[in-house]
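Structure at a glance
Residue-level listing of the chains:
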Amino acid sequence: MPNRFTNKSQKEKPQDESNNSTANIKRKEKVSKVSSNAKVKLPQKTKSTAKNKNNQNKVSSNKLKLLFTIVARNKAEYYLDLIQSFDVNMQVAILASGMAPKSMLELLGLANNEKVVIVSVIQESKISDALVAIEEKFNTIKDGKGIAFTIPLTSVIGTLIYGFLSNNKMAVKEEKTK
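First things first, this report covers the structure right here in the doc. (Residues numbered from 1 in each chain as written. Predicted model: local features only at pLDDT ≥ 70, side-chain atom pairs only at ≥ 80, totals over all residues. Heavy atoms only, no water.)

Backbone geometry places Asp87, a non-glycine residue, at a positive phi of 55 degrees. Tracing the backbone through its elements, the reader meets Asp87 in the loop between helix H3 (76–84) and strand E2 (90–97). For Asp87, a relative accessible area of 35% puts it in the partly exposed group. (Helix = DSSP H or I, 4+ residues; strand = E, 2+ residues; numbered from the N terminus. Buried < 20%, exposed > 50% of the residue type's maximum accessible area, 1.4 Å probe, protein only.)

With that settled, the discussion passes to the nonpolar core. In terms of nonpolar packing, the biggest core is built from 18 residues, with Tyr79, Ile83, Ile118, Ile122 and Ile134 touching the most fellow members. Every element with two or more residues in this core is listed here: strand E1 (64–72), H3, strand E3 (114–123) and helix H5 (127–140). Core analysis: the second largest hydrophobic core is formed by 8 residues, Val119, Val121, Tyr162 and Leu165 among them. (Core = buried A, V, L, I, M, F, W, Y, C linked by side-chain atoms within 4.5 Å.)

Another point: the environment of Leu153. By the element assignment, Leu153 lies in the loop between strand E4 (146–152) and helix H6 (159–165). Linking Leu153 and Leu66, residues 87 residues apart in sequence, is a C-alpha distance of 6.3 Å. For Leu153, the contacting residues outside a window of four places in its chain are Leu64, Lys65, Leu66 and Val121. (Contact = heavy atoms within 4.5 Å.)

The subject of this paragraph is the side chain of Ser120. Positionally, Ser120 belongs in strand E3. With near-sequence residues (within four places) excluded, Ser120 lies in contact with Lys65, Leu66, Leu67, Ile83, Val88, Met90 and Gln91.

As a further point, take the side chain of Gln123. When you line up the elements, Gln123 lands in strand E3. Residue contacts for Gln123: discarding those within four places in its chain leaves Asn62, Lys63, Leu64, Ser166 and Asn167.

This brings us to the sheet that holds E3. Sheet architecture is open: 4 strands sit in the order E2-E3-E1-E4, paired in antiparallel fashion. In the strand order of this sheet, the two ends are held by E2 and E4, each with one partner. Across the sheet, the mean angle from the axis of one strand to that of its neighbour is 20 degrees, orientation sign disregarded. Where E1 meets E3, 9 bridges bridge the pair, whose relative direction is antiparallel. In the strand pairing of E3, Ile70 is matched with Val117. Running over the sheet, H3 touches E1, E2 and E3 and is turned about 5 degrees from E3. Each of E1, E3 and E4 is contacted by H5, which is oriented at about 170 degrees to E4, the strand it contacts most. (Pairing = 2+ DSSP bridges. Axes fitted to C-alpha atoms, helices over the stretch in contact; angles between N-to-C directions.)

Let's shift gears to the packing of aromatic side chains. With the rule as written, the count across this model stands at 3 aromatic pairs. Judged by centre distance (5.5 Å) and plane angle (80 degrees), the ring pair of Tyr78 and Tyr79 falls under edge-to-face. For Tyr79, a relative accessible area of 0% translates into the label buried. Where Tyr79 meets Phe138, the ring centres are 5.4 Å apart and the plane angle is 55 degrees; that geometry is what we call tilted. A residue pair is termed long-range when its members are at least 10 positions apart, and Tyr79 in helix H3 and Phe138 in helix H5 qualify at 59 residues. Side by side, Tyr79 and Phe138 carry an identical accessibility label, which is buried. Site record: aromatic cluster; members linked through ring pairs are Tyr78, Tyr79 and Phe138. (Phe/Tyr/Trp six-rings, centres within 6.5 Å; stacked < 30°, edge-to-face > 60°.)

Listed below in structure tokens is the structure:
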């Protein structure tokens, strides 16, 4: 019975398979000859190289936190620069205003309720130093009062983003070379 795609009978098919297997053997022989004559040897994939590849994709376990700092608008630039000194790659400054009504502000002697919320992504290992420095500035700068607190950042999608946020330059370079 002829095959409707090749117009060959099914009896001829086993012969074609034997021809294909000999062609595959010849192809493998040619590849081995070419690779043995090549000047540059390509690395062979082994189990150890697969393990090394998995280790390259792992990024150090620097945990990240979100540092929220609420300060007066006229001091925002100063605090942005101060926080930047702790290897922070991303900061967002959001304009805000206080919640107290004007009558309450006048009663307490507070004239300015314009604020800035600074949201920074910072490594967990640098949090204590940053909070100490911020607290020191809150106490020593005239009209430099504010609030600072942290929230843990539980997940980040992608090693490139994580490398950027954690200021891990090696992770960013490795990802770009791939």
